[in-house]
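Fold and contact review
Residues per chain, in single letters:
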Amino acid sequence: MMIDEPNRHLWRVVDAAYNRLICTECGSRLSRGPAGCTACDLANGFRYVAVEIDRPGVPPGNEHALRVNVSVVRRPSGISWREVLARRLLLPFLLDGHLPTIRQAQAVRALLDKGGTAEDLAEHLNLVWGNDDR
């Protein structure tokens, strides 16, 4: 029922439902199959019609950033490894209530474009947000 009406449920609930269902076309978890799997492509698109409400105490837009990062990490087909890496490493900070500024996001991209490793990015993110006492 939930996946039939994703626009009536919170995105996290829809995401959890997709995570528990198997795609009849490709055999992956629904919405996580390879690009080109019709059923997964459709489910992945429906992920974005689900309800999105910012959590209390986080900057506006944090929940959207969290949803996009989860979506990319759950279905990395067609996404560069650098972007998947950045989004995966940003998830704990987003869950903690942070939201990168445009300048901070550009700095992350620049670090990865210069050949930065996961360790370099983790160190950078910890320098930016690691000492926040939230």
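A short tour of the structure in this document, coming up. Note that the coordinates shown come from a computational prediction; the quantities given were computed from them, not determined experimentally.

1. Digging into the pattern of salt bridges
Counting across every chain of the model gives eight salt bridges. Put simply, Glu5 and Arg8 hold a salt bridge, and the shortest N to O gap is 3.3 Å. One salt bridge in this structure joins Arg67 and Glu52, with 2.8 Å as the shortest N-O distance. Here the residue Arg67 occupies a position in helix H3 (residues 62–74), and Glu52 occupies one in the loop between helix H2 (38–46) and H3, the gap between them amounting to 15 residues.

2. Structural notes on the layout of surface pockets
In this approach the atoms are scanned with a rolling probe the size of a water molecule, which exposes any empty space left behind. Within this model, the largest pocket holds a volume of roughly 370 Å³. For the lining of the largest pocket, the elements supplying multiple residues, two or more each, are H3, helix H4 (81–95) and helix H5 (102–113). Looking at the lining of the largest pocket residue by residue, the classes come out as 10 nonpolar, one polar and four charged.

3. Quick look at the side chain of Arg67
Classification of Arg67 as buried rests on a relative accessible area of 5%. A distance of 2.8 Å separates a polar atom in the side chain of Arg67 from a polar atom in the side chain of Glu52. Leave out the neighbours within four places in its chain, and Arg67 touches Trp11, Arg47, Tyr48, Val49, Ala50 and Glu52.

4. Observations regarding the packing of H5 against helix H6 (residues 118–129)
Think of two packed helices as two axes; the pair is described by the angle between the axes and how far apart they sit. Where H5 contacts H6, the axes come no closer than 10 Å and their chain directions differ by 160°. Taken together, the axis directions place H5 and H6 in an arrangement best described as roughly antiparallel. The interaxial crossing formed by H5 with H6 has right-handed handedness. Between H5 and H6, the contacting residues are Gln104, Ala107, Val108, Leu111 and Leu112 on the first element and Asp120, Leu121, His124, Leu125, Val128 and Trp129 on the second. For the contact of H5 with H6, the residue count by class is eight nonpolar, two polar and one charged.

Cut-offs used in this document
Residues numbered from 1 in each chain as written. Predicted model: local features only at pLDDT ≥ 70, side-chain atom pairs only at ≥ 80, totals over all residues. Heavy atoms only, no water. Salt bridge = Lys/Arg side-chain N within 4 Å of Asp/Glu carboxyl O. Helix = DSSP H or I, 4+ residues; strand = E, 2+ residues; numbered from the N terminus. 1 Å grid on protein atoms, 1.4 Å probe; cavity = no way out; pocket = protein on both sides within 12 Å on 5 of 7 lines; lining within 4 Å. Points joined across faces, edges and corners; volume = space filled by probe spheres on them. Nonpolar A, V, L, I, M, F, W, Y, C, P; charged D, E, K, R; others polar. Buried < 20%, exposed > 50% of the residue type's maximum accessible area, 1.4 Å probe, protein only. Polar contact = N/O pair within 3.5 Å; in protein donor to acceptor, adjacent residues only side chain to side chain. Contact = heavy atoms within 4.5 Å. Axes fitted to C-alpha atoms, helices over the stretch in contact; angles between N-to-C directions. Parallel < 35°, antiparallel > 145°, perpendicular 65-115°, else oblique. Left-handed = near helix turned anticlockwise from the far one by under 90°.

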